[in-house]
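# Chains, contacts and geometry: an overview
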4 protein chains.
Amino acid sequence: MSITPEQQSEIDAARAAPSRTLRATAPGMEQHLYKAVPVLDHGFVRVVDYMGDDAAIVQAARVSYGQGTKKARDDAGLIRYLMRHWHSTPFEMCELKLHVKLPVFVARQWIRHRTANVNEYSARYSILDREFYIPAPEQLAAQSTVNNQGRGAVLEGAEAAQVLEMLKSDANRSYDHYEAMLSQDGQQGLARELARMNLPANIYTQWYWKVDLHNLFHFLRLRADAHAQYEIRVYAEAICAMVADWVPAAYAAFEDYRLEAAQLSGRGLDAVRRMLRGEEVTQESSGMSKGEWREFAALMQL
Amino acid sequence: MSITPEQQSEIDAARAAPSRTLRATAPGMEQHLYKAVPVLDHGFVRVVDYMGDDAAIVQAARVSYGQGTKKARDDAGLIRYLMRHWHSTPFEMCELKLHVKLPVFVARQWIRHRTANVNEYSARYSILDREFYIPAPEQLAAQSTVNNQGRGAVLEGAEAAQVLEMLKSDANRSYDHYEAMLSQDGQQGLARELARMNLPANIYTQWYWKVDLHNLFHFLRLRADAHAQYEIRVYAEAICAMVADWVPAAYAAFEDYRLEAAQLSGRGLDAVRRMLRGEEVTQESSGMSKGEWREFAALMQL
Amino acid sequence: MSITPEQQSEIDAARAAPSRTLRATAPGMEQHLYKAVPVLDHGFVRVVDYMGDDAAIVQAARVSYGQGTKKARDDAGLIRYLMRHWHSTPFEMCELKLHVKLPVFVARQWIRHRTANVNEYSARYSILDREFYIPAPEQLAAQSTVNNQGRGAVLEGAEAAQVLEMLKSDANRSYDHYEAMLSQDGQQGLARELARMNLPANIYTQWYWKVDLHNLFHFLRLRADAHAQYEIRVYAEAICAMVADWVPAAYAAFEDYRLEAAQLSGRGLDAVRRMLRGEEVTQESSGMSKGEWREFAALMQL
Amino acid sequence: MSITPEQQSEIDAARAAPSRTLRATAPGMEQHLYKAVPVLDHGFVRVVDYMGDDAAIVQAARVSYGQGTKKARDDAGLIRYLMRHWHSTPFEMCELKLHVKLPVFVARQWIRHRTANVNEYSARYSILDREFYIPAPEQLAAQSTVNNQGRGAVLEGAEAAQVLEMLKSDANRSYDHYEAMLSQDGQQGLARELARMNLPANIYTQWYWKVDLHNLFHFLRLRADAHAQYEIRVYAEAICAMVADWVPAAYAAFEDYRLEAAQLSGRGLDAVRRMLRGEEVTQESSGMSKGEWREFAALMQL
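Residues numbered from 1 in each chain as written. Chains lettered and ligands numbered in written order. Predicted model: local features only at pLDDT ≥ 70, side-chain atom pairs only at ≥ 80, totals over all residues. Heavy atoms only, no water.

## Describing the side chain of C:Glu92
Inspection of the secondary structure puts C:Glu92 in the loop between helix 5 (75–84) and strand 4 (95–103). With relative accessibility at 2%, the residue C:Glu92 sits in the buried group. Beyond its immediate chain neighbours, meaning those up to four positions away, C:Glu92 contacts B:Arg114, C:Asp212, C:His214, D:Asn117 and D:Lys210. (Helix = DSSP H or I, 4+ residues; strand = E, 2+ residues; numbered from the N terminus. Buried < 20%, exposed > 50% of the residue type's maximum accessible area, 1.4 Å probe, protein only. Contact = heavy atoms within 4.5 Å.)

Spelled out as structure tokens, the structure:
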């Protein structure tokens, strides 16, 4: 269960009480507000608040570029132009606040994106719940043999069973001992700020995370990517679905110019131009290293 | 006139069309939305959007510190506690977006606060209007004789008149030449990105400026301070009035713990403690330099 | 052992080979370069590089304030003035790069300071060593009874022994299972990015951390404070000792105006002024809440 | 004259006095230290300090990725890999501090890059010199007829002469009046913080600017680009030449993967793949708008 009954009743109460506002309102996002989207076995993402919509991006761009832009392009076209030419500040004019419940090892990756505001549940102050991420069997993957940082085939049979057993029993024993150390029943009870050190990295934590749309797109480009670790990618994908409803024009431009886009190096660009002129290009004549050429050939589907 | 008729009709239209939202709404801020507050002779500040309210600060703090805080303190008390103990992240959960029209020399000071999002009107792309800041007579102050960075007495008589005459005629001549250089009437017309270099620092520009409440408080503490230059202080004061209506509990804590607060150095603290015990303390016995002691004595109203 | 023989020989080699440079050099810091200062049971801090010195702070301030400052004050006096009046940008002109080995739960607190550059050892890419923080007996403290976030008396006897036993055995069992899951001996071997989730928060990680002096002082003010958790405070204290040798004038100003300083609220300032005039002030007549008055009275040693 | 005799003698003194240091030293950068490279008519860029070299980037990457990387790749190959795959943190481990003298309208563009440390000469505190940027005749360009934000053909004959005359006479008159307003000769003298508002945007200012290599590359990619305004591009190009000597491997990777690289959108990538398979692709069948197709065709040299 990813949400407590108490949290659910708070969500229900919030959703039952609309207010009147003069602010820009995004109907596609209103439907998501407060609802927790389940992610992994005990995690979730839910929208707590948002600022702005597609029109707010356009409005900010027109402050910068003046009225001339008004006639020349419709809103979606202007947003595509801004995205294509790396204009970041208009996208910073939208803001999103999420409540996320996630395993600690995912949180450690996530927090490396520094341009966001975070309030995390404090295990120094409060006691964590007994909730651990245990991968689904189809996610129990072997170390990749071609990539130091990635997964290979799914584990099978006895090995898979043994891994799951170790993860579960270690998590539970660690939590039993966490409780035992904290207990003030017939003893002093260890400080919470110390006892937490016994807990493994698959325990769940939660935070409020607030970020502007430009920096969110940067996060999503890296974390919704096929090379991102599965356990953070599923959060990114859940957020992508919300953003697509919130700012549909900006999200469509993001898909085309970022998620599905590719970077060609100077050498790569030169190779493509030559190939389009009918020239034969090989790794040797491209000036690329073997690794670069392999990536280039895969990208171009040669 | 600080707002164009076209801008006023946009404001009127926006204010006439409330939407329903499930988001947190701050009634005190709704009344300010879009209305331009005049500042200086042609400038203004207006709220374009906001996210969060006092309750959002409390809510974020409770994610961090758990349910224990719920019983212990009421919201205003918790907000005072957070402010007193320099907890910054809960205040980052609120966000404000302003549209500001301001002289370029004020914008240059303002932009030094880097933790904000900005979209400024581009004089590379568009043509600036003929609007210049000309100080009111009571603001035409002489250089301070005690402070390298400040103002002394107000200029009088012929000197004041001469200054105003120079400011006005130079501004107008510069703008006449700006137009002449840009003109494509019988000539090619200089590029806008070059012509703008002829304009003085008292010309007005405008921008959208978006910032979280923690960083806004930091800005206001420095710029609503008596030592800030008058021309930026009036903007800060206009924003203070809005923030007081938006997040009244947070603003009250900000006033007490920042605006009206004072920092005592280790030496200053030691001096106060000794004086409260009845000891006589002098500059020499305080360990402070003469300048520090002068500031200390003024602060303590000795 | 906090450093491997391989790391020590790298340090020795680096220290044996000085170069000539035209850059500002801080003799007090040169003596620290590369040497690892042990912290906790397996951690360390070592200076990898630095930029600037006290003179660099002064030089930057003089770019801002012009030559007038040159005659008026000596360098240490100017640095004290800058610190007293919250001028932050001159301090940003110095930069420090550290290599730190620290338990994961300390790293999680540390990383909340976002204005720094970080490269952390990747447990997605590489295998962590079997090294865990186990508190020394005098650090095994009970939960504070007066503060939700703090420590009380040291645990004694059987309780202490039991806590240590649980921490050690859980750490070792988790690591045994981590190795067993990774092993490719007769099985596929779990992906490293998954196996790491079994490791507890007292395992050691390491990173390069680079920060400017202004933001470092902010970090040190919070983390070298008596209210900071002991396990991060010892790192902050080790860094303080290095900074005192690197920029002695700036560090002395930091001690007086930050570490040993105190903030008085508007109400607190008013109370002190009245008391210095001989007036009797009580909690009621001060306008402070009970909690604020208690903190105020403690600060003033009433 | 871009440097005062006093500044030159400071430079000479600094260059005459090398110190011994244990820090990483970049011989290619030592030769640039302190020497001012002239830019525009009165501006300059000079290196005041630097931290790190190519090896520091590699060293930071190896902290993250462990020893495995040591055997697999040489340093330049690893740096290319990091740049290709958008690993930003290792590049953040190098830092550069510059002293720049530049026209105010260039400074206003430059400061929009927020992730840097800045100390600017304060015209509130000190008096600016009579130095203005007056474009060379070959830079006096007309407004572009195809781009709202750009230059067209060079102005000729009477128009060019008239523009130069207006720029020069307005600058001088503004400065004469600035001096007249400040003068305390027989009058009070206007406050410096007010008098500065009369100065045009082509007056020179100066600052210390400190930035890490990742953010510097971002700045250079935007500002050394052919679409950047000439007056900032010449500063970017001067910095590029220094960086190429400082971190040659990183700069070579930056050239290939950023400066000379191109971004293909999802639609663009699809079009290229189809064309490489021998398919005919037109604007209509590409899914691109006319503007996008025009940019795409120019990029691919179709």
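So, next bit.
## Considerations on the side chain of A:Asn202
Here A:Asn202 lies in the loop between helix 8 (192–195) and strand 8 (204–212). Residue classification places A:Asn202 among the buried positions, given a relative accessible area of 0%. Beyond its immediate stretch of four places on either side in the chain, A:Asn202 contacts A:Pro103, A:Phe105, A:Glu131, A:Phe132, A:Tyr133, A:Ile134 and C:Met197.

## Details of the sheet that holds strand 5 (residues 117–120) of chain A
A sheet is described by the order of its strands in space; here 5 strands give the open sequence 2-3-4-8-5 (chain A), paired in antiparallel fashion. Of all strands in the sheet, those with a lone pairing partner are strand 2 (37–39) and strand 5 of chain A, marking the two edges. Strand after strand, the sheet turns through a mean of 25° between neighbouring axes, direction not considered. Contacts between helix 9 (residues 213–223) of chain A and the sheet are confined to strand 4 (95–103) and strand 8 of chain A, with strand 8 of chain A contributing the most and set at about 130° to the helix. Along the sheet, helix 3 (residues 54–65) of chain B contacts strand 3 (43–51), strand 4, strand 5 and strand 8 of chain A; its crossing angle with strand 5 of chain A, the most-contacted strand, is approximately 50°. (Pairing = 2+ DSSP bridges. Axes fitted to C-alpha atoms, helices over the stretch in contact; angles between N-to-C directions.)

## Quick word on the interface of chain C and chain A
The interface is formed by 58 residues belonging to chain C together with 58 residues belonging to chain A. When chain C packs against chain A, the two sides together hide about 5,300 Å² of surface, and 50% of this comes from carbon and sulfur. Interface area lost by chain C to chain A is led by C:Arg108, C:Arg124 and C:Met197, which between them contribute 14%. Our enumeration of links across chain C and chain A arrives at 4 salt bridges. Seen at the junction of chain C and chain A, the total is 32 residue pairs in polar contact (both at pLDDT 80 or more). Only helix 6 (104–110), strand 5 (117–120), strand 6 (141–143), strand 7 (151–154), helix 7 (157–182) and helix 8 (192–195) of chain C provide two or more residues apiece to the side of chain C that touches chain A. Here the side of chain C that touches chain A takes 11 residues from helix 7 of chain C, the largest share from any one element. In terms of residue class, the side of chain C that touches chain A is built from 27 nonpolar, 18 polar and 13 charged. (Buried area = accessible area lost by both parts, 1.4 Å probe. Salt bridge = Lys/Arg side-chain N within 4 Å of Asp/Glu carboxyl O. Polar contact = N/O pair within 3.5 Å; in protein donor to acceptor, adjacent residues only side chain to side chain. Nonpolar A, V, L, I, M, F, W, Y, C, P; charged D, E, K, R; others polar.)

## Notes on the packing of helix 5 (residues 75–84) of chain A against helix 11 (residues 248–259) of chain A
Residue and element names in this part refer to chain A. Where helix 5 contacts helix 11, the two axes come as close as 9 Å, and the packing angle between them is 40°. Considering only the axes of helix 5 and helix 11, their crossing is right-handed. Contact with helix 5, carried on its side by Ala76, Ile79, Arg80, Met83 and Arg84, involves Ala249, Ala250, Ala253, Phe254, Asp256, Tyr257 and Arg258 of helix 11 and no other residues of that element. Its residues placed into classes, the contact of helix 5 with helix 11 shows 8 nonpolar, no polar and 4 charged. (Left-handed = near helix turned anticlockwise from the far one by under 90°.)

## What about the pattern of salt bridges?
With the rule as written, the count across this model stands at 84 salt bridges over all chains. As a salt-bridge pair, B:Arg173 and B:Asp170 come within 3.3 Å of each other at their nearest N and O atoms. Of this pair, B:Arg173 and B:Asp170 both sit in helix 7 (residues 157–182), separated by 3 residues, roughly a single helical turn. On the accessibility criterion, B:Asp170 (2% relative accessible area) is buried. Its salt-bridge partner being D:Glu231, residue D:Arg151 comes within 2.2 Å of it at the nearest N-O pair. Residue D:Arg151 is found in strand 7 (residues 151–154), and its partner D:Glu231 is found in helix 10 (residues 230–246); the two are separated by 80 residues along the sequence.

## Thoughts on the relation of the copies chain D and chain C
Placing chain D over chain C gives an RMSD of 0.0 Å and needs a rotation angle of 180°, together with 0.0 Å of translation along the axis. Here the symmetry operator amounts to a two-fold rotation axis. No C-alpha of chain D lies nearer the rotation axis than that of D:Arg20, which sits 2.3 Å from it. Mapped onto chain C, 100% of the interface residues of chain D are again interface residues, and the two copies thus contact each other with one and the same surface. (Least-squares fit on C-alpha atoms with pLDDT ≥ 70 in both.)

## Describing the pairing of strand 8 of chain A
All names here are of chain A. Counting buried positions along strand 8 yields 9 of 9 residues, so the element is predominantly enclosed. Taking every second residue as pointing to the same face, both faces of strand 8 are buried, with Tyr204, Gln206, Tyr208, Lys210 and Asp212 on one and Thr205, Trp207, Trp209 and Val211 on the other. In this structure, strand 4 lies alongside strand 8, joined through 9 bridges in antiparallel fashion. When the sheet's bridge partners are listed, lysine 97 is paired in strand 8 with lysine 210.

## What about the sheet that holds strand 3 (residues 43–51) of chain C?
Residues and elements named next belong to chain C. The sheet built from 5 strands is open, its strands ordered 2-3-4-8-5 with antiparallel pairing. Only two strands of the sheet have a single neighbouring strand rather than two, namely strand 2 (37–39) and strand 5. In this sheet, neighbouring strand axes are inclined to one another by 25° on average, regardless of whether the strands run parallel or antiparallel. Across the sheet, helix 9 (residues 213–223) touches strand 4 and strand 8 (204–212), and the angle it forms with strand 8 is around 130°.

## As for the relation of the copies chain C and chain A
Mapping chain C onto chain A calls for a screw motion: a turn of 180° about the axis and a shift of 0.0 Å along it, with 0.1 Å RMSD after fitting. A shared binding surface is used by both copies, with 100% of the interface residues of chain C retained as interface residues in chain A.

## Examining the environment of D:Ile134
All names here are of chain D. Relative to the elements of secondary structure, isoleucine 134 occurs in the loop between strand 5 (117–120) and strand 6 (141–143). Given a relative accessible area of 16%, isoleucine 134 falls into the buried group. Placed 14 residues apart in sequence, isoleucine 134 and asparagine 148 show a C-alpha to C-alpha distance of 23 Å. In this structure isoleucine 134 touches Asp41, Leu164, Leu167, Lys168 and Asn202, once residues within four positions along its chain are discounted.

## Observations regarding the environment of A:His227
All names here are of chain A. Among the structural elements, histidine 227 can be located in the loop between helix 9 and helix 10 (230–246). Residue class for histidine 227 comes out exposed when judged on its relative accessible area of 62%. With 64 residues separating them along the chain, histidine 227 and glycine 291 place their C-alpha atoms 17 Å apart.

## Describing the UniProt feature "binding site: FAD" (unreviewed entry) in chain A
Here, UniProt's "binding site: FAD" (unreviewed entry) annotation points to A:Thr89, A:Arg112, A:His113, A:Arg114, A:Glu120, A:Asp212, A:Leu213, A:His214 and A:His218. The named residues occupy 130 residues along the chain; their greatest pairwise C-alpha distance, 27.4 Å, places them well apart from one another. Of note, A:Arg112 is situated in the loop between helix 6 (104–110) and strand 5. Take A:Arg112: its relative accessible area is 45%, and that puts it in the partly exposed class. Note on placement: A:Arg114 falls in the loop between helix 6 and strand 5. Among the residues examined, A:Arg114 registers a relative accessible area of 28% and is labelled partly exposed. Leave out the neighbours within four places in its chain, and A:Arg114 touches C:Arg114, C:Ala116, C:Asn117 and D:Glu92. Side-chain polar atoms of A:Arg114 contact the backbone oxygen of C:Ala116, separated by 2.8 Å. (UniProt positions renumbered as here; feature names shortened; annotations may be inferred.)

## Section: the UniProt feature "active site" (unreviewed entry) in chain A
All names here are of chain A. The sites that carry the UniProt feature "active site" (unreviewed entry) are, in the present numbering, Arg223. The buried category is assigned to arginine 223, whose relative accessible area is 13%. Other than its neighbours up to four places away in sequence, arginine 223 contacts Gln109, His113, Ala228, Ile232, Arg233 and Ala236. At a separation of 3.2 Å, a polar atom in the side chain of arginine 223 contacts the side chain of histidine 113.

## Points about the interface of chain D and chain C
How big an interface is tends to be expressed through the accessible area that disappears when the partners come together. Each partner contributes residues to the interface: chain D has 50 residues there, and chain C has 50 residues. Summed over both partners, the interface of chain D with chain C comes to about 4,600 Å²; 52% of that surface belongs to carbon and sulfur atoms. Contact with chain C buries surface across chain D, with D:Leu22, D:Arg23 and D:Met51 losing the most and accounting together for 19% of the total. The tally of links from chain D across to chain C stands at 26 residue pairs in polar contact (both at pLDDT 80 or more). Sort the elements by how many residues they give to the side of chain D that touches chain C and helix 3 (residues 54–65) of chain D lands first, with 6 residues.

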